[in-house]
Amino acid sequence: FQTACNRLVITLGLSPSGVPASAGASRDAIGLRPTTEELLNECPRFRILVIGQSGVGKSTLINKTFGIEQASAEFFEPGKADIEKELISQQNDRFVLHDSKGFEPADGVNCDDVKLFIQSRKKRERIKEQLHAVWLCFRIPIPGHGDRLLEDGAETFLKEDTSVLQNIPTIVVFTKYDRLLTYMAMQTKADPDTAAKEYIQEHCFQPIQKFAKDVKLSYVAVSSNSGHEQGRNQLIKLTYEKVTETFGSRLGTPSPVSVVTLMAQRTLPHLKIEGSIVTLASSPNFPGYTIQECLRVIHADIVSVWNFHDPSGYLDSEPFRELMVNLVGTIDESATGSARLARSDTYNTVSEGTVPLVLLVPIILPFAAGLALAQWAYETYQRVNNVHRRFMAYIVDLIHVLEILFTLTSDDSEKKLTRRAIKVAFNAYHDSNMMRNAHAQIKDFDCKGPGRDVVLEKVISLVRMSRIDDVDLVRAVRNIPRSELERDEEWHTDDDGRQAH
């Protein structure tokens, strides 16, 4: 079926037409390629230039936005910056950072360096070598503290050189917003937040925009302190929107820059969900392939968008794929039989009055070790009744499991992903009202004929269904100690509880 979504033509091959059973064996599964593979070949990293003086808060902003650890030690050397140097973190290699130390007083040399660098990147033919976004970082001056918003060098750049920023997504980032809120509260303002926003608009952004003249700038006020995530969330959302506007989709295919921007950020799960939807835009048609081969491609695309720090490849492993396939099988009553363990045997359940849904040692999954995939997974996708329901369930289940995993690990996204964390997320979804509601809707879904837009629309509505609607699930996830997720363990255990390799 096909539908247009934000100028993207989304195609999923769910044709009911018959194909001989031997057709799957005659086709080369290597011909199926994940959409993200092609997109990442064209643009493997989100390239961003961050400009700001030492002490403005660049390193902490990068840490929290892209889910890496100690960017200050890894990237930033006080007082030094080589704007040409590509800074790439092993904990998140989906972005590349260029750092400028800002514009020190009367630092005309650095102004020239920044201008020449931006001009050079504009001339690059390959999109992966172009500059995708610029963050201009300024510390908010507190009234009465002798702070200056702009040093002489910054004023010079804004007056004379901002024309080079045209057609490059540029956001002015005002840092240390918590200090301004504290000041406004001490001034006994009735609404410190509103007073702070008015101050930033009048005394911070308007002077900068006046200097910049015709260059279209946007701004966000941020703080790195706990409890002030809204500003960072707004920064990521605004950056993505401006990148998409600048590098939009071409000829019905998603923009590789937009997709890699979604991949790089580790702040907003709803953008990961949108990215998962977008990557279906160029999903191949699947005639003659087995369902298992088709799901492998869809799985690779969705996991790639979520971009966990998973150096061991657990999310792409066969045991995890098998878990997801067997979870889809629970839609059919005939498939549930002995496949699932009794709920009381799996883990502490999610119910009223209970705290963490964990945490046995090791955690026991609801499907037995060595459980063979259901026969339907080996069939060519045209030969299975209601095949669209199985595809719908796999996509919806996988995205929601990853969404829960993202929430579980968001505070420590720079740490290596463990199988224990994945198992907790899987079990949380498996025993939630969210899964039961999604499966019920998919099972009752009446598709008059594959190829209709209603199938895709149903998938989109289900993957956008917020886990916040499931109160028990939210409570359970929120109460899980993060330290419990750092210890790795095998996927399954023997009957006597020992870990099975």
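Quick caveat: nothing in here was measured; it's all calculated off a predicted structure.

**Brief notes about the sheet that holds strand E7 (residues 170-175)**
1) Next: Here we have six strands laid out as an open sheet, ordered E4-E5-E3-E6-E7-E8, and mixed in their pairing. Every other strand in the sheet has two partners, leaving strand E4 (87-89) and strand E8 (218-221) as the edge strands with one partner each. Sheet twist, expressed as the mean angle between neighbouring strand axes with direction ignored, is 25°.
2) Next: Here strand E6 (residues 133-139) pairs with E7 via six bridges, running parallel. Bridged to Val134 within E7 is Thr170.
3) Next: Across the sheet, helix H10 (residues 256-264) touches strand E3 (46-51) and strand E5 (92-100), and the angle it forms with E5 is around 95°.

**Description of the packing of aromatic side chains**
Working definition: an aromatic ring pair is given by the centre-to-centre distance plus the angle between the planes.
1) Next: Under the counting rule described, the total for this entry stands at 10 aromatic pairs.
2) Next: Here Phe46 and Phe66 contribute two aromatic rings whose centre-to-centre distance is 6.4 Å and whose plane-to-plane angle is 40°, an arrangement assigned as tilted. With Phe46 in strand E3 and Phe66 in helix H3 (residues 58-66), this residue pair connects regions lying 20 residues apart in the sequence.
3) Next: On the basis of relative accessibility, which here comes to 2%, the residue Phe46 falls in the buried class.

**Points about the pattern of salt bridges**
Opposite charge on two side chains permits them to pair, given that their charged atoms come into close proximity.
1) Next: This model, assessed by the stated rule, comprises 21 salt bridges.
2) Next: The salt bridge involving Asp147 is made with Arg179; its shortest N-O contact spans 3.9 Å. With Asp147 in the loop between E6 and helix H6 (152-160) and Arg179 in helix H7 (residues 177-186), this residue pair connects regions lying 32 residues apart in the sequence.
3) Next: According to the relative accessible area criterion, Asp147 is partly exposed, its value standing at 35%.
4) Next: Put simply, Arg148 and Glu155 hold a salt bridge, and the shortest N to O gap is 3.7 Å.
5) Next: Residue Glu155 is classed as partly exposed on the basis of its relative accessible area of 21%.
6) Next: Through salt bridges with shared partners, a single ionic network connects Arg420, Lys423, Glu484, Arg487 and Glu489.

**Digging into H7**
1) Next: Buried within H7 we find Tyr177, Asp178, Leu180, Leu181, Tyr183 and Met184.
2) Next: In the core, the buried residues of H7 are packed alongside E7, helix H8 (192-212) and E8.
3) Next: Among the residues trailing H7, Thr188 stands out with phi positive, at a value near 55°.

**Remarks on the nonpolar core**
1) Next: Counting 65 residues, the largest nonpolar core has Leu315, Phe320, Leu402, Leu405 and Tyr429 as its most contacted members.
2) Next: Listing elements by their share of this core, those giving two or more residues are helix H11 (269-278), helix H12 (291-306), helix H13 (318-329), helix H16 (387-409), helix H17 (419-430), helix H18 (433-443), helix H19 (453-463) and helix H20 (471-478).
3) Next: If one sorts the elements of this core by residue count, H16 sits on top with 15 residues.
4) Next: One finds Leu180, Tyr183, Ala196 and Ile208 within the second-largest nonpolar core, a separate group that totals 40 residues.

**What about the packing of helix H9 (residues 229-247) against H10?**
1) Next: Two numbers describe how H9 lies on H10: the axes approach to 8 Å, and their chain directions differ by 165°. The pairing of H9 with H10 is recorded here as roughly antiparallel in orientation. Along this stretch, H9 crosses H10, giving a crossing that reads as right-handed. Taking contact as the criterion, the partners of Tyr240, Val243, Thr244 and Phe247 in H9 are, on H10, Val257, Ser258, Thr261 and Leu262.
2) Next: The residue inventory of the contact of H9 with H10, partitioned by class, reads five nonpolar, three polar and no charged.

**Regarding the confidence of the model for the protein chain**
1) Next: Counting all residues, the mean pLDDT for the protein chain is 78, and 73% of those residues have values of 70 or more.
2) Next: Low pLDDT (under 50) marks residues 1-29, which in the prediction has 73 contacts with non-local residues, meaning those over four places away or in another chain.
3) Next: The model gives residues 334-358 a pLDDT under 50, and that stretch makes 60 contacts with residues more than four places away or in other chains.

**Brief notes about the packing of H12 against H13**
1) Next: Running from N to C, H12 and H13 cross one another at 110°; their axes reach a closest spacing of 12 Å. Accordingly, the angle class assigned to the pair H12 and H13 is roughly perpendicular. On H13, the residues touching Leu295, Arg296 and His299 of H12 are Glu318, Phe320, Arg321 and Val325.
2) Next: For the contact of H12 with H13, the class distribution of residues is three nonpolar, one polar and three charged.

**Side note on H16**
1) Next: With 23 residues, H16 extends 33 Å between its outermost C-alpha atoms, agreeing within 8% with the 33 Å of an ideal straight helix rising 1.5 Å per residue.
2) Next: Counting buried residues along H16, 23 of its 23 residues qualify, which places the element largely inside the surrounding structure.

**Some words on unusual backbone geometry**
1) Next: Of note in the backbone geometry, Thr188 takes a positive phi value of approximately 55° without being a glycine.
2) Next: Here Thr188 lies in the loop between H7 and H8.
3) Next: With a relative accessible area of 68%, Thr188 lands in the exposed category.
4) Next: Despite not being glycine, Asn307 has its phi angle at roughly 50°, a positive value.

**Examining a negative patch on the surface**
1) Next: Judged by side-chain charge, Asp82, Glu84, Asp112 and Asp113 come together as a negatively charged surface patch.
2) Next: Topologically, Asp82 is positioned in the loop between helix H4 (71-74) and E4.

**Regarding the environment of Trp135**
1) Next: In this structure, Trp135 sits in strand E6.
2) Next: Separated by 38 residues in the primary sequence, Trp135 and Val173 place their C-alpha atoms 6.3 Å from one another.
3) Next: Every residue in contact with Trp135, bar those within four places of it in the chain, is listed here: Ile48, Leu49, Val50, Ile51, Leu61, Ile62, Thr65, Phe66, Ile171, Val173, Leu235 and Thr239.
4) Next: One polar contact links Trp135 to Thr239, side chain to side chain, over a distance of 3.2 Å.

**Details of the side chain of Arg389**
1) Next: Locating Arg389 in the fold gives a position in helix H16.
2) Next: In this structure the side chain of Arg389 is engaged in a polar contact, spanning 3.2 Å, whose partner is the backbone oxygen of Ile442.
3) Next: Discounting residues that sit within four places of it in the chain, Arg389 has contacts with Ile331, Ile442, Lys443 and Phe445.

Cut-off values and rules
Residues numbered from 1 in each chain as written. Predicted model: local features only at pLDDT ≥ 70, side-chain atom pairs only at ≥ 80, totals over all residues. Heavy atoms only, no water. Pairing = 2+ DSSP bridges. Helix = DSSP H or I, 4+ residues; strand = E, 2+ residues; numbered from the N terminus. Axes fitted to C-alpha atoms, helices over the stretch in contact; angles between N-to-C directions. Contact = heavy atoms within 4.5 Å. Phe/Tyr/Trp six-rings, centres within 6.5 Å; stacked < 30°, edge-to-face > 60°. Buried < 20%, exposed > 50% of the residue type's maximum accessible area, 1.4 Å probe, protein only. Salt bridge = Lys/Arg side-chain N within 4 Å of Asp/Glu carboxyl O. Core = buried A, V, L, I, M, F, W, Y, C linked by side-chain atoms within 4.5 Å. Parallel < 35°, antiparallel > 145°, perpendicular 65-115°, else oblique. Left-handed = near helix turned anticlockwise from the far one by under 90°. Nonpolar A, V, L, I, M, F, W, Y, C, P; charged D, E, K, R; others polar. pLDDT = per-residue confidence, 0-100. Expected span 1.5 Å × (residues − 1). Patch = residues over 30% accessible without salt bridge, like charges linked within 9 Å, V, L, I, M, F, W, Y side chains within 5 Å. Areas by Shrake-Rupley, 256 points an atom, 1.4 Å probe, with all protein chains shown as cover. Lys, Arg positive; Asp, Glu negative; His and termini not counted. Charge placed at Lys NZ, Arg CZ, Asp CG, Glu CD. Polar contact = N/O pair within 3.5 Å; in protein donor to acceptor, adjacent residues only side chain to side chain.

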